[in-house]
Amino acid sequence: MKLQKIVLKIVFLVFLLFSCSFKSDEQAFLEELSNIDTHISEGRSSKALKSLKRLQKKAVNSTNYVSIVKRQLKLGAEPDALICLQKGIKNHPESAELPGPINFYPYRFRKIRRCPALL
């Protein structure tokens, strides 16, 4: 019986230790954005675009989507940016900041808007 209590306490402490050491989703997202910014500044745009596509799955709020779109537009990936905006608007319809890039970059999205598959 005493052995079970000791094992239970050890297991509890291990779980407590691991739960405190993990980063929050927002911290992990911001670190990944920082890595992507490094790729962009070093000229590795294909690596940055791949990382941005992966990061879309981890976006949890409208600000995250806008951050991804800003970097995609910087890299000239307008179709990817528009798709990301659409996912963000679908997941956060109450957000007022997600439609902003479409209104701010109307000429960049002009050709894409004609494509019904993206709209």
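Given the structure is predicted, the values throughout are model-derived calculations rather than measurements. (Residues numbered from 1 in each chain as written. Predicted model: local features only at pLDDT ≥ 70, side-chain atom pairs only at ≥ 80, totals over all residues. Heavy atoms only, no water.)

(A) Looking closely at helix α2 (residues 25–41). For α2, built from 17 residues, the straight-helix expectation of 24 Å at 1.5 Å per residue is met to within 8% by its first-to-last C-alpha distance of 24 Å. Within the sequence span of α2, burial applies to F29, L33, I36, H39 and I40. Buried residues along α2 cover an arc of 110 degrees about the axis, so they all sit on one side. Those residues of α2 that are buried lie in contact with α3 (45–56) and α4 (62–74). (Helix = DSSP H or I, 4+ residues; strand = E, 2+ residues; numbered from the N terminus. Expected span 1.5 Å × (residues − 1). Buried < 20%, exposed > 50% of the residue type's maximum accessible area, 1.4 Å probe, protein only. Arc of directions from axis to C-beta. Contact = heavy atoms within 4.5 Å.)

(B) Broad picture of the pattern of salt bridges. Within this structure, the stated rule accounts for 3 salt bridges. Measuring nitrogen to oxygen at the nearest pair gives 2.7 Å for the salt bridge that ties D37 to R71. With D37 in helix α2 and R71 in helix α4, the pair connects residues that are 34 residues apart, well separated along the chain. Residue class for R71 comes out buried when judged on its relative accessible area of 10%. (Salt bridge = Lys/Arg side-chain N within 4 Å of Asp/Glu carboxyl O.)

(C) Structural context of α4. With 13 residues, α4 should reach 18 Å at 1.5 Å per residue; the first-to-last C-alpha distance of 18 Å fits that figure. Of the positions making up α4, those classed as buried are S62, N64, Y65, S67, I68, V69, R71, Q72 and L73. Looking at where α4 begins, the residue whose side-chain oxygen comes 3.2 Å from the main-chain nitrogen of T63 is N61. (Polar contact = N/O pair within 3.5 Å; in protein donor to acceptor, adjacent residues only side chain to side chain.)

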